[in-house]
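# Commentary on secondary and tertiary structure
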Amino acid sequence: MSKHKVNKQPADATRCVHSGEDRHGQSAALTTPIAQTSVFVVPRVEDLRRYAKGDSDMYLYSRYANPTVTAAEEKIAALEGAEAAVATSSGMAAEMIAVLTACQAGDEIVSMLDIYGGTAKLFEQVFPRCGIKTRFVPHHDINNAARYFSRKTRMLFLESPTNPTLRCVDLTALCELGRKRKVCVVVDNTFATPVLQKPLELGADIVIHSATKYLGGHSDLTAGVLAGSKKWMDAARPVMILTGGCLDPGCAYLLLRGLKTLDVRVERACRNAARIAEMLRQHPKVARVYYPGLPDNESHELARRQMKDFGMMVSFDLRGGGRAAERFIDSLKLWYLAASLGGVESTVSYPVLTSHTGLSAKQLKLLGVSAATVRLSVGIEDSADLIADLEQALGKS
Ligand SMILES: *Cc1c(COP(=O)(O)O)cnc(C)c1O
């Protein structure tokens, strides 16, 4: 982004459009092309020798690095205020790589209990087989997180806001705890995006994303990313290379394209979400609304402090319970029932049958989720159209 070097600290909207894009030389393309190749030509043996010694940033093989993928990594690093980033094939791959970078057999992870369902299963079902155990901190005990640490703890894993109740945790305080205990603090920033929240500035070591969601933003790709200091990313990259969770260049192109509009998409979707939360709060069929932007929400003050706006997700409980939730969802015409989030399209999900399926009544209670809970991923359509559809479906619930 040579033209823009004049401005040392461009704002996020500018970074979205320009950071990471390599536009030098004559007849340079304005957009970063797809380097659709698995391998690169090495000019001379001497270049290979320099590469083998580690003093060359030449491209060799696309699983290691690829120019289109590098551009996406640099754009995301710029947005997160990170020295470097490593793109991955999915959000789950980013999590696996973060854990295998910071932990080894015999180590422990302390994690919030309210994390993405896939992450919880990865920690519960896969990592114990590698000798890495996780202790989960329920939300009501988050201020006592220090009690869950042992001499074996190597990682503190956080997510804010959470899914689907959109509770926030004090990232500054928890990062401080992690630093005191000399563990790697990882924050899943998928729901907030770097436009609303920058965990590295609040003290985190590594930020991870499911780039499948807001960073891509158009429900047309699966990708993930880790971002952080050069030291952490230099440690994470070989783990990515050797476990094979690399991002494909075609997908990196779509991710770059999606990222250009991240700031405007987030701005519009936040405005829509605030209006929708306000409508739901006043609706007689709605028992409770979960949205940190509402002044009486438990996370309101915290969200004000650590986020630029209150986010694009809104959840709520229907007064009529599970049956009403089902009728509501099936009556929607503009909102599609879909098990993801973060696209330009507004979608609805039903946590007890997707992210929280198979959990016991006790576990659901701890997480604050019931059959009456519906989660909305608010898109960028016109807010009046979105509200009209919600209102007609509530009428049938
Ligand atoms: C979707 C999601 C993930 C997993 O990402 P994939 O891209 O589906 O692998 C992790 N964390 C959060 C918060 C998510 O929403």
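None of these values were measured; they are calculated from a predicted model.

Quick look at the overall build of the protein now. Along the backbone of the protein there are 14 helices and 12 strands. The C-alpha radius of gyration computed for the protein amounts to 22 Å, which stays within 12% of the reference 21 Å derived for 397 residues, consistent with globular compactness. Counting only C-alpha atoms and orienting by the principal axes, one finds that the protein spans roughly 75 × 55 × 35 Å. Burial statistics for the protein: of 397 residues in total, 55% are counted as buried. A sequence separation of at least 24 residues applies to 73% of the contacts in the protein between residues at least 6 apart. In the structure as shown, the protein presents an accessible area of about 18100 Å², 53% of it carried by carbon and sulfur atoms.

With respect to topology, five strands assemble into an open sheet ordered 8-9-12-11-10, the strand pairing being mixed. At either margin of the open sheet sits one strand with a lone partner, and together these are strand 8 (286-290) and strand 10 (336-337). Of the strand pairs in this sheet, strand 10 and strand 11 (residues 347-349) are connected by two bridges, and their pairing is parallel. Counterpart to Tyr-336 in the pairing with strand 11 is Thr-347.

Here we come to the sheet that holds strand 2 (residues 108-112). If you trace the seven strands from one edge of the open sheet to the other, you get 1-7-6-5-4-2-3, paired in mixed fashion. Both edges of this open sheet fall to strand 1 (84-88) and strand 3 (133-137), since each of them pairs with a single strand only. Between one strand and the next, the sheet's axes are offset by a mean angle of 20°, whatever the strand orientation. As defined by bridge partners, strand 2 adjoins strand 4 (residues 153-159) across four bridges and the pair is classed as parallel. Bridge assignment links Glu-108 to a residue of strand 4, and that residue is Thr-153. Along the sheet, helix 5 (residues 117-126) contacts strand 2, strand 3 and strand 4; its crossing angle with strand 3, the most-contacted strand, is approximately 135°.

Parameters at a glance
- Residues numbered from 1 in each chain as written.
- Predicted model: local features only at pLDDT ≥ 70, side-chain atom pairs only at ≥ 80, totals over all residues.
- Heavy atoms only, no water.
- Helix = DSSP H or I, 4+ residues; strand = E, 2+ residues; numbered from the N terminus.
- Rg over C-alpha atoms; globule rule 2.2 N^0.38 Å.
- Buried < 20%, exposed > 50% of the residue type's maximum accessible area, 1.4 Å probe, protein only.
- Contact = heavy atoms within 4.5 Å.
- Areas by Shrake-Rupley, 256 points an atom, 1.4 Å probe, with all protein chains shown as cover.
- Pairing = 2+ DSSP bridges.
- Axes fitted to C-alpha atoms, helices over the stretch in contact; angles between N-to-C directions.

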